[in-house]
Amino acid sequence: MEPLTRVEGVVAPLDRSNVDTDAIIPKQFLKSIHRTGFGPNLFDEWRYRDEGQPGQDCSDRPLNHDFVLNQPRYQDARILLTRTNFGCGSSREHAPWALADFGFRVLIAPSFADIFYNNCSKNGILPLTLPEETVQSLFEATWEQPGYTLTVDLPAQTVTTPDGTRYGFEIDPHRKHMLVEGLDEIGVTLEHADEIRAYEQRQRAVTPWLFSDVEAS
Amino acid sequence: MGGKTLYDKLWDAHVVRDNGDGTALLYVDRQLVHEVTSPQAFEGLRLADRPLWRVDANLAVVDHNVPTTGRANGIADPISALQVDTLSRNCREYGITQFGLMDRRQGIVHIIGPEQGATQPGMTVVCGDSHTSTHGALGALAFGIGTSEVEHALATQTVVQARSRRMLIRVDGQPGPGVTAKDIMLAIIGKIGTAGGTGYAVEYGGEAIRSLPMSGRMTICNMSIEAGARCGMVAVDDTTIEYVRGRPYAPSDAMWDQAEAYWRTLVSDEDAEFDRVVTLDAAEIKPQVSWGTSPEMVVSVDGVVPDPADEPDETRRAGMQRALEYMGLTPGTPMRDIRPEKIFIGSCTNARIEDLRAAARILRGKRLARGIREAMVVPGSGLVKWQAEQEGLDQVFKEAGFEWRDAGCSMCLGMNPDRLSPGERCASTSNRNFEGRQGGGGRTHLVSPEMAAAVAVAGHFVDVRELEQ
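Residues numbered from 1 in each chain as written. Chains lettered and ligands numbered in written order. Predicted model: local features only at pLDDT ≥ 70, side-chain atom pairs only at ≥ 80, totals over all residues. Heavy atoms only, no water.

Caption draft 1: The arrangement of the overall build of chain A in detail. Secondary structure summary: chain A contains 8 helices and 7 strands in total. Principal-axis analysis of the C-alpha atoms places the extent of chain A at approximately 65 × 40 × 25 Å. Across the 217 residues in chain A, those meeting the buried criterion constitute 59%. The contacts in chain A between residues at least 6 apart in sequence include a share of 64% that link residues at least 24 apart. Of the roughly 8800 Å² of accessible surface on chain A, a fraction of 46% belongs to carbon and sulfur atoms. Of the side-chain charges in chain A, 20 are positive and 33 negative, and the distance between the mean point of each set is 1 Å. (Helix = DSSP H or I, 4+ residues; strand = E, 2+ residues; numbered from the N terminus. Buried < 20%, exposed > 50% of the residue type's maximum accessible area, 1.4 Å probe, protein only. Contact = heavy atoms within 4.5 Å. Areas by Shrake-Rupley, 256 points an atom, 1.4 Å probe, with all protein chains shown as cover. Lys, Arg positive; Asp, Glu negative; His and termini not counted. Charge placed at Lys NZ, Arg CZ, Asp CG, Glu CD.)

Here you go:
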């Protein structure tokens, strides 16, 4: 995973609360057996005027010009600014894959849904929570100033605006470490393989029925 | 020091190691695998040349993508077919038991786990699907995970987790006739909101929950995620034990006695403390219908479509307006005046045999109302379908004008050909009324199986209790 330390980028404002993962990447694209290529279908139903199909070339599809990500000023956005409970619903990791494939590295909202939040940080995306009032002021600045950028410093846990205003944010140490170092979590866990085996050995005595081999009846 | 909650007991029993940074390595007793969220996980194992940690902890089934008619002819959509074949190939390569398309035990992953006894009290259960919370009804710690975590569980038999806060949702008293587990859960979500449970492990308790059979408890726990909670659970009691007894994967003989003794400890201690307690009075809950595009947008069937003008919060007001526009509804419209064109009875929320019996009871001897263009029943598993046919329920549905389908996720999310067309309005027993969930532009109203059957007969939303008089 690509380490994530400092991201400076254009901010795209998605002014909706409770954005669900069905909206982030609709179901028909979940048929893919790959991790990549979801970017053109990010927010597919909002972004295009027709119904998208997997494997389709999206370059000549009719765009919904009212949708924020279709506005030229947000084309190179790397930071998505949005509202409460972003990423609710399905556990599909295709949602962060699509966001990452589009180019987003940081998401800013007052709150995120749990599973989505976890999935993001395993894909080099930082979901960052700020208080509602701060998010509101960032929305206003983004709307008013074309090309509005923010600088996110993960090691320092700060978000800095162009005028130098700095906001701190909280993140749990585990997630921060994994993101900053770009670590492979499975590799890290397997360093403790002996402890997993020891746990299994102990549990075999306590709950032996959980360790009898599963046979198809 | 107070007593332990059920969640704490389950958590403590599964900690392999404390990572010292607010997270722990949690052992996984059972991983359920389906075709949509697993291909990239197996691919990841192969790329890193990592073996599967423990074959027998996994059980796989195809459900999301499968057709519900004409199965013997295979899957027409080549992309769906490739995904289904990929699961079979992966299961063969790694030796994982899979219930394939033509296996009579095939069905929705959250129906077949409990049905087979493959998910049990006291287990940690994970699956790359947010409705994994269903299995918490057995007194298990069950939660949905993403594909990276699926791969992590396949490779290490663990997941990295931070401990959740604990919430007790207590539903006191008894619900009136015609008020189901689905109505109780929709009322809970309406009360605490779709983010109300975020960061919490929820335990459901109180007389109304204790009185529910396992099917109803599963409906409740299933929709925990619609309230924002990754997991929901119900303490073990006689109902739980009797449900598990004799199932194919359940322990037997002396092992059963040992398991039962342990399972009976899986209740929150009397003096256990919760971080948040929410209470509802079951007697006040009426049959529920969702009106909007989030499960929290729900009212009683005798209510009206709410008016955004009454909502003080600006962002929420905008959300309501957008939902009304999408749903094609006007504030103040009585829910009774809304006329769906399609009926869907199915999904991991409401496709167990008890759900089908309840719907059939309303439909017996009646016909679809004019204006209902399509109505389908999709049983939760091949075994549920078989059982229903033994009881003659299939005849009741067919005589009423319903289609009687094969098991799968079907129109709950429309990955297979079962979906709504733009603008179509559906009374659905599923769990999500998001924009486009059941098909691009489709309009979903979440209801109980009884209420779906009542709409089918009346042609508009109606209090099921009137039909039963």
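Right, picking up where we left off after that structure.
Caption draft 2: Fine view of the overall build of chain B. Tallying secondary structure elements over chain B gives 16 helices and 19 strands in all. Taken over the C-alpha trace, chain B has a radius of gyration of 21 Å; the compact-globule value for 469 residues is 23 Å, and the two agree within 12%. Reported as C-alpha extents along the three principal axes, the dimensions of chain B are approximately 60 × 55 × 45 Å. Across the 469 residues that make up chain B, the buried fraction comes to 67%. A sequence separation of at least 24 residues applies to 77% of the contacts in chain B between residues at least 6 apart. Approximately 15000 Å² of chain B is accessible, and the part contributed by carbon and sulfur atoms is 47%. Within chain B, the 62 negative side-chain charges are centred at a point lying 3 Å from the centre of the 49 positive side-chain charges. (Rg over C-alpha atoms; globule rule 2.2 N^0.38 Å.)

Caption draft 3: Spatial organisation of helix 14 (residues 393-400) of chain B. Residue and element names in this part refer to chain B. Turning to helix 14, its buried residues number three or more, namely L393, D394, V396, F397 and A400. Looking straight down helix 14, one finds its buried side chains confined to an arc of 160 degrees; they lie on one side. As for helix 14, its buried residues are in contact with strand 15 (342-345), helix 12 (353-363), strand 16 (374-377), helix 13 (382-390) and strand 17 (403-404). Among the residues trailing helix 14, G401 stands out with phi positive, at a value near 110 degrees. (Arc of directions from axis to C-beta.)

Caption draft 4: Geometry of the domain arrangement of chain B. Residue and element names in this part refer to chain B. Taken domain by domain, chain B consists of domain 1 (6-263) and domain 2 (288-467). In this structure, domain 1 and domain 2 have C-alpha centres spaced 24 Å apart. Listed per partner, the contact involves 43 residues of domain 1 and 40 residues of domain 2. Between R432 and E226 there is a salt bridge, with its nearest N and O atoms 2.7 Å apart. Taken together, the connections running from domain 1 to domain 2 amount to 23 residue pairs in polar contact (both at pLDDT 80 or more). For the side of domain 1 that touches domain 2, the secondary structure elements donating two or more residues are helix 3 (78-94), helix 4 (109-116), helix 6 (181-192) and helix 8 (214-222). The element best represented in the side of domain 1 that touches domain 2 is helix 6, accounting for 6 residues. (Domains from an automatic or database assignment. Salt bridge = Lys/Arg side-chain N within 4 Å of Asp/Glu carboxyl O. Polar contact = N/O pair within 3.5 Å; in protein donor to acceptor, adjacent residues only side chain to side chain.)

Caption draft 5: Broad picture of the interface of chain A and chain B. Taken together, the contacts link 63 residues of chain A with 77 residues of chain B. The residue A:D22 makes a salt bridge to B:R437 at a minimum N-O spacing of 2.9 Å. Remark: the boundary between chain A and chain B carries 33 residue pairs in polar contact (both at pLDDT 80 or more). Those elements that place two or more of their residues in the side of chain A that touches chain B are helix 2 (44-47), helix 3 (94-102), helix 4 (114-121), helix 6 (173-181), helix 7 (185-190) and helix 8 (193-206) of chain A. Among the elements that line the side of chain A that touches chain B, the one with the most residues is helix 8 of chain A, at 10 residues. By residue class, the composition of the side of chain A that touches chain B is 22 nonpolar, 20 polar and 21 charged. (Nonpolar A, V, L, I, M, F, W, Y, C, P; charged D, E, K, R; others polar.)

Caption draft 6: Representation of the side chain of A:N70 in the model. Residue and element names in this part refer to chain A. As for its position among the elements, N70 is in the loop between helix 2 and strand 2 (79-82). A polar contact of 2.7 Å, which involves the side chain of N70, links it to the backbone oxygen of N64. Ignoring anything within four residues of it in the chain, the contact list for N70 reads R47, L63, N64, H65 and Q75.

Caption draft 7: Examining the environment of B:S80 more closely. Here B:S80 lies in helix 3. When the C-alpha atoms of B:S80 and B:P251 are compared, they prove to be 36 Å apart, with 171 residues separating the residues in sequence. Non-local contacts of B:S80, meaning those with residues more than four positions away in its chain, are made with A:K31, B:N65, B:I75 and B:M415. Polar contacts involving the side chain of B:S80 include one to the side chain of A:K31, which spans 3.3 Å.

Caption draft 8: Molecular detail of the packing of aromatic side chains. Scanning the entire structure with this criterion turns up 19 aromatic pairs over all chains. Taken together, a centroid distance of 5.6 Å and an interplanar angle of 65 degrees make the contact between B:F397 and B:F402 edge-to-face. As far as burial versus exposure is concerned, B:F397 and B:F402 are alike and both buried. Site record: aromatic cluster; members linked through ring pairs are A:F86, A:F112, A:F116 and A:Y117. Positioned over the ring face of A:Y48 is A:R61, at 3.8 Å from the centre of the ring. The aromatic ring of A:F139 is capped on one face by A:R83, whose charged end is 3.9 Å from the ring centroid. (Phe/Tyr/Trp six-rings, centres within 6.5 Å; stacked < 30°, edge-to-face > 60°. Lys NZ or Arg CZ within 6 Å of the ring centre and 35° of its normal.)

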